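Here is how the chains run, residue by residue.
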Amino acid sequence: MARPAARPLSGAPAPEDAARAVPAAADVQGEIRNWYAHLMGEKRMSEATLINYHRDITRFFEFLAGHLGGAATLADLERLELRDFRAFVSQRRKDGLQSRSVARTLSSMRSFFRYLDRTKILSNASALALRSPKLAHALPKPLSVRGASDMLAEAELAQDEPWKGARDLAVLTLLYGCGLRVSEALSLDRGEAPLKDALRITGKGNKERIVPLLPAAREAVENYLRLCPFALMKDDPLFVGARGKRLNQRQVRGMMIHLRRRLGLPESATPHALRHSFATHLLAGGGDLRSIQELLGHSSLSTTQMYTEVDAARLLEVYDKAQRRK
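Bear in mind that the values here come from a model prediction, so they are computed numbers and not experimental data.

Here is what the cut-offs are and how they apply
- Counting of residues starts from 1 at the beginning of each chain's written sequence and follows it residue by residue.
- Only residues with pLDDT of at least 70 are given local features in this predicted model, and only at 80 or more are side-chain atom pairs given and counted; all residues enter the totals for whole chains, interfaces and linings.
- Hydrogens and water are ignored here; the side-chain numbers use all heavy atoms of the structure.
- One speaks of a salt bridge when a side-chain nitrogen belonging to Lys or Arg is within 4 Å of a carboxyl oxygen belonging to Asp or Glu.
- Numbered from the N terminus, helices here are DSSP runs of H or I no shorter than four residues, and strands are runs of E no shorter than two.
- Pairs were defined over the aromatic rings of Phe, Tyr and Trp, the Trp ring being its six-membered one, requiring ring centres within 6.5 Å. Orientation was assigned from the angle between planes: stacked under 30 degrees, edge-to-face over 60, tilted for the rest.
- Relative accessible area decides the class of each residue, using a 1.4 Å probe on protein chains only: under 20% of the type maximum gives buried, over 50% gives exposed, and in between gives partly exposed.
- Residue count minus one, scaled by 1.5 Å, sets the expected span of a helix.
- A contact between two residues is defined here by any heavy atoms of the two lying within 4.5 Å.

Novice: Describe the pattern of salt bridges, with residues and values.
Specialist: A complete count under the given rule lists 14 salt bridges for this structure. Of the charged contacts, one joins E62 and R59 as a salt bridge, the two residues approaching to 2.7 Å between their closest N and O atoms. Residue E62 and its partner R59 are both found in helix α3 (residues 47-68); the two are separated by three residues, about one turn of the helix. One network of salt bridges, in which partners are shared, links R181, E184 and R209.

Novice: Got a sec to walk through the packing of aromatic side chains? Specific residues and values, please.
Specialist: Inspection of the entire model under this criterion finds twelve aromatic pairs. Ring geometry for W35 against Y53: centres 6.0 Å apart, planes inclined by 20 degrees, an arrangement best described as stacked. Here the residue W35 occupies a position in helix α2 (residues 26-41), and Y53 occupies one in helix α3, the gap between them amounting to 18 residues. Classification of W35 as buried rests on a relative accessible area of 0%. Each residue in the set W35, Y53, F60, F61, F63, F85, F88, F112 and F113 is aromatic and connected to the rest through ring pairs, giving one cluster.

Novice: Which residues make up helix α6 (residues 99-118), and what values do they have?
Specialist: When the terminal C-alpha atoms of α6 are compared, their 28 Å separation across 20 residues agrees well with the 28 Å that a helix rising 1.5 Å per residue should span. All buried positions along α6 are accounted for by V102, A103, T105, L106, S108, M109, R110, S111, F112, F113, Y115 and L116. Residues of α6 that are buried in the fold lie against α2, α3, α4 (74-79), α5 (82-94) and α7 (125-129). Note on α6: the residue one or two positions beyond its end, K120, has a positive phi of about 60 degrees.

This is how it looks when you write it as structure tokens:
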């Protein structure tokens, strides 16, 4: 079976490096390399997700090395029983992992075993039978309209070089003004600018969607390009760092940490919170839930419906504050 070509990622390790970093036998490392390339190429998973999957699968094989008394082989993986997987969960609990992190770790592990089953390398029903811990229903944490506006205004001032400030403003405006995922904004190439009235975005699962572009976002990108010191060609990345390489998610997260500290915003003010803010503020302004679903690229309306709970929760909070003042 032909293996998919993996797209390059700035922060995630390449498949070969990822496999070598895992304490497993050579035959397992080969399949980890193929699985990782599959996640990068066919699944087009975000850089942050890929890094988490790699970290989780490494922890799993570190556990197996101690549990089995040596590096696990494919034959070992096929013989694992439910009690072995439960022992792994128990160990992660002892390490201090909370339910959400344990659930993500199990999701990474199951993804690998599903890949092995689908490619007919091996099959282990116990790996898929292990249940994830129940999670409390968590609502998105958007910024207030004022908080989002302040962050955009501060972004241009927080850098020591004007072109970097203009770049940061352009990136954040695409997240808040268009509801893009940070990976989607950073995957744009120079050839896509000047931006038109809409963007064609390829999101999770290779799904395409058309996103209307606000004039403010278009102007922010044009201003950044005017100030950018690099002569970017059409195949070059649109957003670059100090060395002219594609800006990565780690850099954007660092930018947000710096901005929220300057503004006194909570730790929930992350790059993804701007996407949450886009949806929540649009809904509060009378936006149609189905239209918001299409703009965000959600495959299920139930995913988008969580923003109605955020809106209702905020209304109750305002009501409670008003009652306390009486």
